[in-house]
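Here is what each chain is made of, one letter per residue.
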Amino acid sequence: MRASQYLIATLKETPADAEIISHQLMLRAGLIRKLASGLYTWLPTGLRVLRKVERIVREEMNFAGAQEVLMPAVQPAELWQESGRWDMYGGELLRFKDRHDREFCFGPTHEEVITNLASTEIKSYKQLPLNFYQIQTKFRDETRPRFGVMRAREFIMKDAYSFHVDDASLEQTYQIMFQAYTNIFTRLGLGFRLVEADTGSIGGNTSHEFHVLADSGEDAIAVCDKYEYAANVELAEARAPAPGTEKSKDLVEHDTPSIETIEEISQYLKVSADKTVKTLIVVGVDGLVALVIRGDHELNTVKAEKHSLIAAPLEFATEQLLKTFLSIKPGSIGPVGLNIPVIVDRSAAALKNFICGANQDDKHLSNVNWDRDTVIEEIVDLRKVIAGDICARAGDDSSDGAKLSIKRGIEVGHIFQLGVKYSTAMNARCLDQNGKAITMPMGCYGIGISRIVAAAIEQNHDDKGIIWPSAIAPFEVVIVTIGYKKSEAVRAKADALYQKINELGIDVLLDDRNERPGIMFADAELMGIPHRLVIGDRGLEKGVIEYKARDKADSEDIPLNKLEQSLATLITRS
RNA sequence: CGGGGUGUAGCGCAGUCUGGUAGCGCACCUGGUUUGGGACCAGGGUGUCGGGAGUUCGAAUCUCUCCACCCCGACCA
């Protein structure tokens with residue numbers, strides 16, 4: 001491509017509404033432009049990157065035995081009513097009507113469509129397993145789109161769905177996809193981390209996320225390097241502490257006027273927060289439920305919602321409810337003598353002689369002990385892990401390496417074992433060896449294609465701009481010409497080299513604009529092109545061409561007569 | 001959805017409090033001088049001051065209203 005005939009839409013100044021570096025650089029380097037909130041146009045340079053990501057994903061999916069299909073973006077409401085998600089999905093589902101007043105949605109995901117297809121096309125176990133994928137535009141009406149294409153409303157996703165005769169086959173394909181994803185992110189040149197995950201609204205049981213670690217990431221991940229454990233904090237577990245061994249002391253009641261928070265009570269009684277508990281009253285499926293966690297911990301709402309006694313979505317009891325049913329106000333609630341189910345977090349349950357509210361206004365208790373003073377419904381894991389917790393896989397090991405740290409990540413891939421949730425709802429059945437109808441277990445596997453472009457930039461940039469991994473660079477090589485218009489020698493050499501590199505099948509940008517060198521250098525760096533060649537009279541007189549790698553500080557001179565071999569090694573070695 | 005904020009040229013902003021000819025830098029166009037790290041000189045045009053309604057002799061500026069966008073929180077590739 002010749003720069004003089006190509007849209008180099010670079011910006012000198014950072015647009016004011018771009019918050020994170022990848023968004024800023026995607027605008028500045030001329031990859032995208034915003035049309036409306038969460039909606040972006042991909043410019044030629046951005047589209048080149050996007051297509052390269054797609055190509056790698058497509059190659060690895062094909063290699064893993066998946067077959068590409070293309071489903072409609074617009075889907076009839078009936079399908080979603082059949083799966084039950086028309087009512088469940090909420091405002092994120094963009095719904096509309098056609099001229100006949102029939103209801104449709106713009107697909108945020110395609111379980112319904114593919115399961116519908118499978119139910120009509122798959123008749124026998126002999127056809128299984130089957131894995132279909134597509135690379136397609138999705139729409140989710142996000143409450144708050146942000147960070148450019150990182151959380152856009154319209155975005156491009158690779159989604160795959162597999163169908164099986166039994167769970168063993170599902171497990172097998174899950175492992176194959178697992179490997180395919182590892183290959184994809186490795187080839188993309190991304191530093192990524194595998195993370196155990198919650199299945200969320202998609203449903204199912206086993207699930208893993210692939211995260212690109214970056215400070216700007218929206219997800220918090222608990223990581224233990226020693227046991228190779230990483231989990232989304234909404235799921236992460238710490239090792240349950242051993243029960244305390246202290247001897248029980250006598251219960252003491254304290255007057256604690258206007259003391260309502262853990263911080264205040266621990267200061268007032270001069271004990272650390274981990275010797276206190278907080279009692280949270282939430283709405284249960286049948287009346288109120290008390291959740292007790294240690295004073296220094298936070299409730300994990302995802303874990304709480306999964307408990308059979310607790311209503312989902314989680315709802316805290318209002319002051320009005322507390323007054324009506326328990327005749328207390330928040331600030332001095334405790335587990336002692338509560339006449340509702342008390343569910344205790346494992347860490348809180350290990351405490352001896354702890355401090356809690358007395359269920360009387362302005363009073364707290366100390367030296368409380370579970371077995372003596374309370375009635376416990378159940379001990380479960382309810383809390384968010386914090387940095388420094390011991391890894392759940394550590395057993396008795398509490399060495400430093402087994403401690404959890406909290407890192408931030410960008411979710412770029414997610415794989416699920418769905419089971420029969422959708423195949424049951426939509427009647428996707430086939431015949432087994434015995435001629436008996438079975439409901440096919442399913443898996444589903446997503447990759448955020450457009451998000452990967454942003455994630456790659458988050459991981460690969462400097463103060464001058466993007467530093468693309470070669471595999472997804474819009475151009476692999478840029479030829480910067482100095483005096484292209486004036487110097488016959490420069491023009492001849494640049495044109496010849498440009499043609500040569502093109503013939504090698506390498507994406508090359510010939511900067512033949514009549515610009516000053518500084519502008520061309522700055523643009524090449526901003527756009528992150530991995531290899532730069534500079535052709536000018538100065539070098540030609542010495543018989544050399546300057547070469548510089550985007551990720552190296554220094555340039556080197558390559559003699560003209562060695563150019564071809566040098567280029568071949570330079571470009572393949574990266 | 002709740003809370004906060006912004007809307008003036010393609011981009012970054014000033015002007016609004018205190019009503020009176022719509023401005024600055026960059027970018028853009030023309031001519032010239034330049035050409036190894038975002039040049040200089042001269043000339044040029046940029047606009048529904050987010051939309052609508054109102055107050056006023058007069059509104060970017062005051063009032064009302066609608067809209068868009070951004071940031072902070074609960075959801076997700």
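Above this text sits the structure in question.
This section reports on the structure supplied with the text. (Residues numbered from 1 in each chain as written. Chains lettered and ligands numbered in written order. Predicted model: local features only at pLDDT ≥ 70, side-chain atom pairs only at ≥ 80, totals over all residues. Heavy atoms only, no water.)

Quick notes on the overall build of chain A
Cut-off, in case you're wondering: Helix numbers and strand numbers start at the N terminus; a helix is a DSSP run of H or I with at least 4 residues, a strand a run of E with at least 2. Working definition: with a 1.4 Å probe on protein chains only, accessible area under 20% of the residue-type maximum means buried, over 50% means exposed, and in between means partly exposed. Every residue pair with non-hydrogen atoms within 4.5 Å of one another is taken to be in contact. Shrake-Rupley sampling with a 1.4 Å probe provides the accessible areas, and residues are treated as covered by the protein chains on show and by no other component. Positive charges come from Lys and Arg, negative ones from Asp and Glu, while His and the chain ends are left out of the count. Just so you know, the charge point we use is NZ for Lys, CZ for Arg, CG for Asp and CD for Glu.
Along its length, chain A carries 17 helices and 30 strands. Within chain A, the fraction of its 574 residues that count as buried is 52%. A separation of at least 24 residues holds for 69% of the contacts in chain A among residues at least 6 apart in sequence. Of the roughly 26700 Å² of accessible surface on chain A, a fraction of 49% belongs to carbon and sulfur atoms. With 68 positive and 83 negative side-chain charges, chain A shows a separation of 5 Å between the mean positions of the two kinds.

Quick notes on the protein's contact with RNA strand B
Formally: One heavy atom within 4 Å of a molecule or strand makes the whole residue count as near it. Counted as a polar contact is a pair of N or O atoms within 3.5 Å, where, for protein atoms, one must be capable of donating a hydrogen and the other of accepting one, and residues adjacent in sequence contribute only when both atoms are in side chains. For this classification, Asp, Glu, Lys and Arg are treated as charged, while Ala, Val, Leu, Ile, Met, Phe, Trp, Tyr, Cys and Pro are nonpolar and the rest, including Gly, are polar.
Taken together, 49 residues form the shell around RNA strand B, and within it Arg144, Arg151, Glu411, Glu525 and Glu546 come nearest. Near-protein atoms of RNA strand B (within 4 Å) split between backbone and bases, with sugar and phosphate holding 45%. Here Lys12 contributes a side-chain N or O atom positioned 2.8 Å from a sugar or linking oxygen of RNA strand B. Listing elements by their share of the surface near RNA strand B, those giving two or more residues are strand E1 (32-36), strand E8 (154-163), strand E20 (405-419), strand E23 (442-448), helix H15 (517-527), strand E28 (531-536) and helix H16 (537-542). Sorting elements by how many residues they give to the surface near RNA strand B places H15 first, with seven residues. In terms of residue class, the surface near RNA strand B is built from 16 nonpolar, 12 polar and 21 charged.

Observations regarding the pattern of salt bridges
Pairing between side chains of opposite charge can happen when the charged atoms of each approach one another. For the record, the criterion: The working definition used for a salt bridge is a side-chain nitrogen of Lys or Arg within 4 Å of a carboxyl oxygen of Asp or Glu.
Enumeration according to the criterion identifies 38 salt bridges in this entry. Salt-bridge contacts for Arg383 lead to Asp345; the nearest nitrogen and oxygen are separated by 3.9 Å. Taken as a pair, Arg383 in the loop between strand E19 (378-380) and E20 and Asp345 in strand E16 (residues 342-345) lie far apart in primary sequence, 38 residues in all. What makes Arg383 buried here is its relative accessible area of 5%.

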